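Spelled out, the chains give:
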Amino acid sequence: MHEDTDFITKLGRPFLAHRLRRLAETFLDGYGRWLPSVGITAPPRALSTLLLLDDDGPLGVTEIAGRLRLSHPLLIKLTGNLEALGLTRTARDPEDGRRRLIALTEAGRDQAARIRSAVEILDRAYGELADEIGIDLMEACARAERACLAISFDKRLERAVAEIHQREEPECAPSA
């Protein structure tokens, strides 16, 4: 008999990263269905990028990636999509010809303004979810990020290995 249980859920806590990514995709899919109803045509993954460029642009891809704490390859793809949609334009930095600066177009500034208007609604929806589940996910994420900055996750894995090895090693009896 086939059990219709989610495989990743069955694997448990060691696959938390998978579950968090899946939850993020659930949020982004929901954004994607809702955003057009408030006139936002920008991709759901691009909201923070557009707001950053509206506040502090033009900026280079490396700076955007660092400020948003996203990977450089992801930002290259995302900014390419934004340019194809006519929301950004790219120009060479006059002070460093190797560096490309990304700036909002008029359409991009319009999208940023619409995103700012939608932020209160997004916040309310997350607040409702937090009340429903009894956990403020933003606070939990912030605490987890701070803890991982204090002790990196690879160090935590190394400690777990050491603890397991210590438990498995037979205790040495004192010599007579």
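Our structure is the block above this text.
The structure presented is a predicted model; accordingly, all values stated were derived computationally and were not measured.

## So, the sheet that holds strand β2 (residues 88-93)
One open sheet accounts for three strands, arranged β1-β3-β2; its pairing is antiparallel. Here the strands that pair on one side only, and so sit at the sheet edges, are β1 (59-60) and β2. Where β1 lies against strand β3 (residues 96-104), two bridges are found, and the strand directions are antiparallel. Paired with G60 across the bridge in β3 is L101. Helix α5 (residues 72-84) rests against β2 and β3 of the sheet, and its axis sits at about 115° to β2.

## A word on the pairing of β2
With six bridges joining them, β2 and β3 adopt antiparallel strand pairing. Across the sheet, residue T88 finds its bridge partner in β3, namely L104. Linking β2 to β3, which pair antiparallel, is a turn of two residues.

## Describing the packing of helix α3 (residues 47-56) against helix α4 (residues 61-68)
At a minimum axis distance of 11 Å, the contact between α3 and α4 shows a crossing angle of 115°. What the angle tells us is that α3 and α4 run roughly perpendicular. Considering how the two elements wind past one another, α3 and α4 form a crossing that is right-handed. Taking contact as the criterion, the partners of S48, T49, L52, L53 and D56 in α3 are, on α4, I64, R67 and L68.

## Notes on the environment of L16
Looking at where L16 falls in the secondary structure, it is placed in helix α2 (residues 16-34). Separated by 17 residues in the primary sequence, L16 and R33 have C-alpha atoms spaced 26 Å apart.

## Examining the layout of surface pockets
Space inside the largest pocket adds up to approximately 2600 Å³. Among the elements of the structure, α2, α3, α5, α6 (106-133), α7 (137-150) and α8 (153-168) are those that each provide at least two residues to the lining of the largest pocket. Of the residues forming the lining of the largest pocket, the biggest block, 10 residues, is contributed by α2. Taken together, the residues of the lining of the largest pocket break down into 32 nonpolar, three polar and nine charged. In this structure, the second largest pocket spans a volume of roughly 230 Å³. If you go around the second largest pocket, the residues you meet are T26, F27, G30, Y31, R33, W34, I121, L122, A125, Y126 and L129. Mapped onto the lining of the second largest pocket, the elements with two or more residues apiece are α2 and α6. Tallying contributions element by element places α2 first for the lining of the second largest pocket, with six residues. Residues belonging to the lining of the second largest pocket are distributed by class as follows: eight nonpolar, two polar and one charged.

Reading the values: the criteria
Residues numbered from 1 in each chain as written. Predicted model: local features only at pLDDT ≥ 70, side-chain atom pairs only at ≥ 80, totals over all residues. Heavy atoms only, no water. Pairing = 2+ DSSP bridges. Helix = DSSP H or I, 4+ residues; strand = E, 2+ residues; numbered from the N terminus. Contact = heavy atoms within 4.5 Å. Axes fitted to C-alpha atoms, helices over the stretch in contact; angles between N-to-C directions. Parallel < 35°, antiparallel > 145°, perpendicular 65-115°, else oblique. Left-handed = near helix turned anticlockwise from the far one by under 90°. 1 Å grid on protein atoms, 1.4 Å probe; cavity = no way out; pocket = protein on both sides within 12 Å on 5 of 7 lines; lining within 4 Å. Points joined across faces, edges and corners; volume = space filled by probe spheres on them. Nonpolar A, V, L, I, M, F, W, Y, C, P; charged D, E, K, R; others polar.

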